[in-house]
Amino acid sequence: MSNETFYLTTPIYYVNATPHLGHAYTTILADTMARFQKLRLGPEQVYFLTGTDEHGDKIVQAAAQGGESPQAYADRISGIFQETWKRLGLAPNQFIRTTSEPHKRAVQRFLQQIYDAGDIYFGEYGGHYCFGCERFYTEKELQDGQCPDHQTVPAFIKEQNYFFRMGKYQEWLIDHIHRHPDFIRPERFRNEVLSFLKEPLEDLCISRPSARLTWGIPLPFDDRYVTYVWFDALINYISALGWPDGDAFRLFWPAAQHLIAKDILKPHAIYWPTMLKAAGLPPYRHLNVHGYWKVEEAKMSKSRGSVVRPLDLADKYGVDAFRYFVLREMTFGLDAGFSEDALVARLNADLANDLGNLYSRVLKLIQRYYDGRITYTPGDEGLADAAHAAVADVTAAMERFAFSEALSTIWNLVSSTNKYLVTNEPWKRDPGDPRTKAVLFTAAETLRMIATLLLPFLPQTADRMLRGLGVTEPTTPLRFETACPSPSRIEAQEWRVQEAQSLFPRIQTTAAKPLLRKPPLTPALSPTISSPPREGEDAGEGGEYAEQITIEEFRRVDLRVAEVIEAAAIPGSKKLVKLRVRLKDEERTVVAGLKVHYPPESWPGKRIILAANLKPASLMGITSQGMVLAAEDEAGRIVLLTPEAPIDSGSKVR
Ligand code: MSP
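Note that the coordinates shown come from a computational prediction; the quantities given were computed from them, not determined experimentally. (Residues numbered from 1 in each chain as written. Predicted model: local features only at pLDDT ≥ 70, side-chain atom pairs only at ≥ 80, totals over all residues. Heavy atoms only, no water.)

### So, the overall build of the protein chain
Helices and strands together make up the secondary structure of the protein chain, namely 20 helices and 27 strands. Look at the contacts in the protein chain between residues 6 or more apart in sequence, and 76% of them connect residues 24 or more apart. (Helix = DSSP H or I, 4+ residues; strand = E, 2+ residues; numbered from the N terminus. Contact = heavy atoms within 4.5 Å.)

### Notes on the side chain of Gln37
Take Gln37: it is sitting in helix α1 (residues 21-41). What makes Gln37 buried here is its relative accessible area of 4%. Sequence-distant contacts of Gln37, defined by excluding residues within four places in its chain, comprise Phe6, Gly42 and Val46. (Buried < 20%, exposed > 50% of the residue type's maximum accessible area, 1.4 Å probe, protein only.)

### Focus on the sheet that holds strand β11 (residues 222-227)
Pairing between sheet strands relies on hydrogen bonds along the backbone, with the strands arranged either parallel or antiparallel. Taken in spatial order, the three strands of this open sheet run β9-β11-β10, and their pairing is antiparallel. In this open sheet, the two strands that pair with only one neighbour each are β9 (207-209) and β10 (218-219). (Pairing = 2+ DSSP bridges.)

### Let's talk about the packing of helix α14 (residues 381-399) against helix α16 (residues 434-454)
It is at 9 Å that the axes of α14 and α16 come closest, and there the two elements cross at 10 degrees. In terms of axis orientation, α14 runs roughly parallel to α16. Residues Leu383, Ala384, Ala387, His388, Ala390, Val391 and Val394 of α14 lie in contact with α16, whose contacting residues are Thr442, Thr446, Met449 and Leu453. (Axes fitted to C-alpha atoms, helices over the stretch in contact; angles between N-to-C directions. Parallel < 35°, antiparallel > 145°, perpendicular 65-115°, else oblique.)

### So, the confidence of the model for the protein chain
Per-chain confidence: the protein chain averages 86 in pLDDT, with 87% of residues scoring 70 or above. Note on residues 511-544: pLDDT is under 50 here. Beyond four places in sequence and across chains, it has 96 contacts. (pLDDT = per-residue confidence, 0-100.)

### Regarding the nonpolar core
Ranked by size, the top nonpolar core spans 104 residues in total, and within it Leu355, Trp411, Leu454 and Phe457 carry the most contacts. No other element matches the 14 residues that helix α13 (residues 340-370) contributes to this core. Here this core spans two domains, and each of domain 1 (6-290) and domain 2 (336-496) adds at least three residues to it. Excluding anything up to four places from it in sequence, Trp411 contacts Tyr324, Asp350, Leu351, Asp354, Leu355, Leu454 and Leu458. By size, the runner-up hydrophobic cluster in this structure holds 64 residues, among which are Leu49, Phe189, Leu204 and Leu234. (Core = buried A, V, L, I, M, F, W, Y, C linked by side-chain atoms within 4.5 Å. Domains from an automatic or database assignment.)

### Some words on unusual backbone geometry
Cis geometry is adopted by the peptide bond preceding Pro186, which originates at Arg185 and carries an omega value of -5 degrees. Geometrically, the link from Trp243 to Pro244 is a cis peptide bond, its omega value of 10 degrees lying close to zero. Structurally, Pro244 can be placed in the loop between α8 (236-239) and α9 (247-252). Notably, Lys584 is not glycine yet its phi reads approximately 55 degrees, a positive angle. With respect to the helices and strands, Lys584 occurs in the loop between β20 (577-583) and β21 (586-592). Positive phi values are uncommon outside glycine, yet Met620 reaches one of about 50 degrees. Following the sequence through the fold, Met620 ends up in the loop between β23 (617-619) and β24 (622-624).

### Overview of the pattern of salt bridges
A complete count under the given rule lists 31 salt bridges for this structure. The shortest N-O distance in the salt bridge between Glu54 and Arg97 comes to 2.7 Å. Of the two residues, Glu54 is situated in the loop between β2 (46-53) and α2 (57-65) and Arg97 in strand β3 (residues 94-97); the sequence distance between them amounts to 43 residues. Neither residue differs from the other here; Glu54 and Arg97 are each classed as buried. The residue Lys262 makes a salt bridge to Asp335 at a minimum N-O spacing of 2.9 Å. Of the two residues, Lys262 sits in the loop between β12 (256-261) and α10 (265-278) while Asp335 sits in the loop between α12 (319-329) and β16 (336-338), which places them 73 residues apart along the sequence. (Salt bridge = Lys/Arg side-chain N within 4 Å of Asp/Glu carboxyl O.)

This is how it looks when you write it as structure tokens:
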């Protein structure tokens, strides 16, 4: 039994809106990660927290609009969040609410502790206050003297308030980030925080007079004030564990990781660690920051409308298909565009086709040939070896929150298994031949490992797969180390598989067709909520990809596989390398600007992808007949694109 623990939190969501795709995404990521860690470490070693943020002016306003009391309103919306997560199959260890008594007590204790230490002081603050946003704006932030979100002139308010000496901890924080390079990840957000910290950090106003805002937690040292937003909300991460005395706090806080989107980077990367430091508590271990879902060009958010409701999608396509799509489609840390047609395409290609067909094919053959019984038959261990290696690769990807990469590793295994069957064609073989048995056993065994690896990602489907494959108790905690043994540990045993049932029905493209046209979203997915960002949040950035083109335009580029025969440096050029390549029966000269990354001696024998119908261009006096394709990441690292398996030179890339 491992002593390692794992504690993961999502933001607690404001109850001024009902759950949308953005909230669902973060909570699905956290649920997937928690399930993964439970398989790795054991269920009791892992704690997953989510909840709702229920204080503040906006809640009072939203409640008043519907003629409800703030508490009744918060109860209702928080209930909708809890119900939605349940219907999406998300299983947090705790759903915390900031209006609960234990949370309020913890917030007051935290405030008192920092006040006693001398890091909260009383002072005066004057500024342009927008009541809609519930925040002060600096002169610079106003647009023509107006609030950028509400286009109204803010009131100039001068009032006395309490302040947290955040500036005092600036140097400590910078040093901590430098000493723990993956404290904030991915790196782009760490850099963003460090660049923000180059400017002097101002102290943080942490109160509002109760005369103006009553719906908040009173300051323990002055009940004429309530605590404001982040000094209430952030503390949920420790109040949920029973801080200061709870056993859960002792067990899980040292392993704390937060998961957020980039909109609330500043409060989590700057306010929260300095608050913890002032209270004498160690900081969390990692802040994991993901990008934004955008719908139809715009960011999907409360501030701009365009909202996708998760339950509509899950009802329409199934919980696991929805879950798979969001996990696979977004690269952690980057923004992604959401479209229903992309979801349908993935469902049909990856789930119905690759995984679903593989599963039913194998089960049907075992039923037909052996009446559902299959016994351990040695022979093909290469595939089982690959499955075993996939556990390590998936674990490494998950350590970095690279969900999409983890799924792509699993899908490589699915493809290898499909290829293995196509190569060995068990459907054409004699069932009595031991070789046929070995092929089907190997495929079933690999599928069992695929299903185990998929448990965190597609819980319902993986459970069905395991049952179908004759794993009798798939709901009892399975651990990777026992469910995915190395081939040498597979014991001679018999498996009894069930009748094959379709895992994912294919969505008919005729039905999906209308969704492929713009706008791709059905009315059920149209805007439902709208409210501006709060202090410490930002509105995100624009899209990152080039303009859209049609498939016909794309097809005009003739991409081909080419084999490099020889390569040479070009005298006088630091970057260019001259290649002689073969495309089927034709030879060409191509100049590539990749010498720094790929020196001449590394090229011969490589198969590359060539844009073959580019007009010839002259570089350093050499005519280049095509262009080599390579990928470049944000750090400037360049890798060559090559076919995933051997294929004839001259083959067309489609
Ligand atoms: N209540 C604060 C958080 C306090 S945490 C101590 C808050 N709430 S929120 O309801 O606005 O939720 C913000 C979070 O919702 C984001 O950080 C992200 O997790 C999720 N998302 C909301 N819109 C999103 C997208 N369009 N895309 C991806 N996730 C987004 O801020």
